[in-house]
Amino acid sequence: MFQPIETSQAPARCTDDINQSLRLTLSDGDAGGALDLQHALILGSDTDCDLRIDDHHVRGQHAEIYPVGATWWVRDLGTEDGTFLNGEIVEAAPLIRPSEVQLGVDGPTVHVT
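How each quantity is defined
- Residues numbered from 1 in each chain as written.
- Predicted model: local features only at pLDDT ≥ 70, side-chain atom pairs only at ≥ 80, totals over all residues.
- Heavy atoms only, no water.
- Helix = DSSP H or I, 4+ residues; strand = E, 2+ residues; numbered from the N terminus.
- Buried < 20%, exposed > 50% of the residue type's maximum accessible area, 1.4 Å probe, protein only.
- Lys, Arg positive; Asp, Glu negative; His and termini not counted.
- Salt bridge = Lys/Arg side-chain N within 4 Å of Asp/Glu carboxyl O.
- Polar contact = N/O pair within 3.5 Å; in protein donor to acceptor, adjacent residues only side chain to side chain.
- Contact = heavy atoms within 4.5 Å.
- Pairing = 2+ DSSP bridges.
- Axes fitted to C-alpha atoms, helices over the stretch in contact; angles between N-to-C directions.
- pLDDT = per-residue confidence, 0-100.

Points about the side chain of Asp76
As for its placement among the helices and strands, Asp76 is situated in strand 6 (residues 71-76). Buried within the structure, Asp76 lacks any salt-bridge partner; its nearest side chain of opposite charge belongs to Arg75, at an N-O separation of 8.8 Å. One polar contact links the side chain of Asp76 to the main-chain amide nitrogen of Gly78, over a distance of 2.9 Å. Ignoring sequence-local partners within four residues, the contact set of Asp76 consists of His62, Ala63, Gly82, Thr83, Val90 and Glu91.

Next up, the structure:
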């Protein structure tokens, strides 16, 4: 459906917590909220996701936000609808703050600061 932008090889997910937190704010109409993140997180509609988003554009396990060293990354988890970083579809890319991660073409947006 979409061609992802080219990125360097995405590093493996790091299981260690990072010493620099990331603030996520979900912009989804009345369902907005904020979360300070210090460890990896799975976003999706499945009940076992770390951040569950009930939206028909969001797939079961849609995307992951995870730290590697001092850098946070976003990675699409194989969805057909895609994960967008600042308007560009990505397979995996480092998060430069501030950023917007959109789940699906017309899906909800997570603001990263």
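Observations concerning the sheet that holds strand 11 (residues 109-112)
On the basis of which strands lie adjacent, the open sheet formed by six strands has the order 2-1-11-10-7-8 and antiparallel pairing. With partners counted over all chains shown, the strands left at the sheet margins are strand 2 (33-37) and strand 8 (88-90), one partner each. Taken over all neighbouring pairs, the strand axes of this sheet differ in orientation by 30 degrees on average, direction set aside. Note that strand 1 (residues 22-27) and strand 2 share five bridges and pair antiparallel. Looking at the pairing, Leu26 lines up with Gly33 of strand 2.

What to know about the side chain of Glu64
For Glu64, the position within the fold is in strand 5 (residues 63-68). Of the residues examined, Glu64 reaches a relative accessible area of 2% and is grouped as buried.

As for the pairing of strand 1
Of the two faces of strand 1, the one holding Leu22, Leu24 and Leu26 is buried and the one holding Arg23, Thr25 and Ser27 is not buried anywhere. When strand 1 meets strand 11, the two strands line up antiparallel, connected through four bridges. For Leu26, the partnering residue across the bridge sits in strand 11 and is Val110.

Structural notes on the confidence of the model for the protein chain
Per-residue confidence for the protein chain gives a mean pLDDT of 83, with 78% of residues at or over 70. The secondary structure element of the protein chain with the lowest average pLDDT is strand 2, at 79, and the one with the highest is strand 7 (residues 83-85), at 98.

Looking at the sheet that holds strand 6
The five strands lie next to each other as 4-3-5-6-9, forming an open sheet whose pairing is mixed. Each edge of the open sheet is held by one strand with a lone partner, namely strand 4 (51-52) and strand 9 (92-94). Looking at chain direction, strand 5 and strand 6 are connected through six bridges and run antiparallel. Looking at strand 6, one finds that Tyr66 is bridged to Trp73.

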